[in-house]
Structure formats: structure tokens, C-alpha cells
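Listed here are the chains, written in short residue letters.
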Amino acid sequence: MENQHRKIAGYRELDQSEIDAMNEVKAKGVELGELVAKLRANAAMDQRWVSIGATDLQTGLMALTRAIAKPAFF
């Protein structure tokens, strides 16, 4: 559905620079996900720390996404 964000409360239109920044964050997220997958595939790595790192990276990416989108809700 096109423009579905317009039907969801708290979302707004992004300008082109915000769209570009959002796409850059999303692309870095893919790269980081690939790195985490490689580390998870290596049994010599401490998987507890790999999981903590993955969670912290996801939190950071979400924070960057929210910084760009500036949602109007908690």
C-alpha cells in the first residue's frame, strides 16, 4: 500500500535529506547484520558477547532511525 505511513498515527513526511539518511542507516544495518552473522558462525567467538553486541547495534540503529524520523509518540 502506497503512503501507508500517512494512515498511522504519529508518523510524518520525510524530506529528501531525511530519506537519504534513513536509507544510509538501513544499509549500514544490513552490513552490520552480515558481520554479526559471520561472528555467530564462528564457534571460537564468545557468543554471549556476540549477542550483546548484536542487541546494542540494533538499539543504536533504532536510535538513529528515530533521530531521523522524529516520531510524535513515546
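Notes on the structure follow. Everything numeric here is computed off the predicted structure, so don't read it as measured data.

Thresholds, definitions, all that
- Residues numbered from 1 in each chain as written.
- Predicted model: local features only at pLDDT ≥ 70, side-chain atom pairs only at ≥ 80, totals over all residues.
- Heavy atoms only, no water.
- Salt bridge = Lys/Arg side-chain N within 4 Å of Asp/Glu carboxyl O.
- Buried < 20%, exposed > 50% of the residue type's maximum accessible area, 1.4 Å probe, protein only.
- Helix = DSSP H or I, 4+ residues; strand = E, 2+ residues; numbered from the N terminus.

1. Examining the pattern of salt bridges
Taken as a whole and assessed by the stated rule, the structure comprises three salt bridges. In this structure, E18 and R12 form a salt bridge, with 2.8 Å as the shortest nitrogen-oxygen distance. Taking relative accessible area as the criterion, E18 reaches 12% and is therefore assigned buried. We classify R12 as partly exposed; its relative accessible area is 31%. Notably, a salt bridge pairs K70 with E18, separated by 3.8 Å at the nearest N-O pair. Placement of the pair is K70 in the segment after α2 (47-69) and E18 in helix α1 (residues 16-40), with a sequence separation of 52 residues. Within the structure, one salt-bridge network assembled from shared partners comprises R12, E18 and K70.

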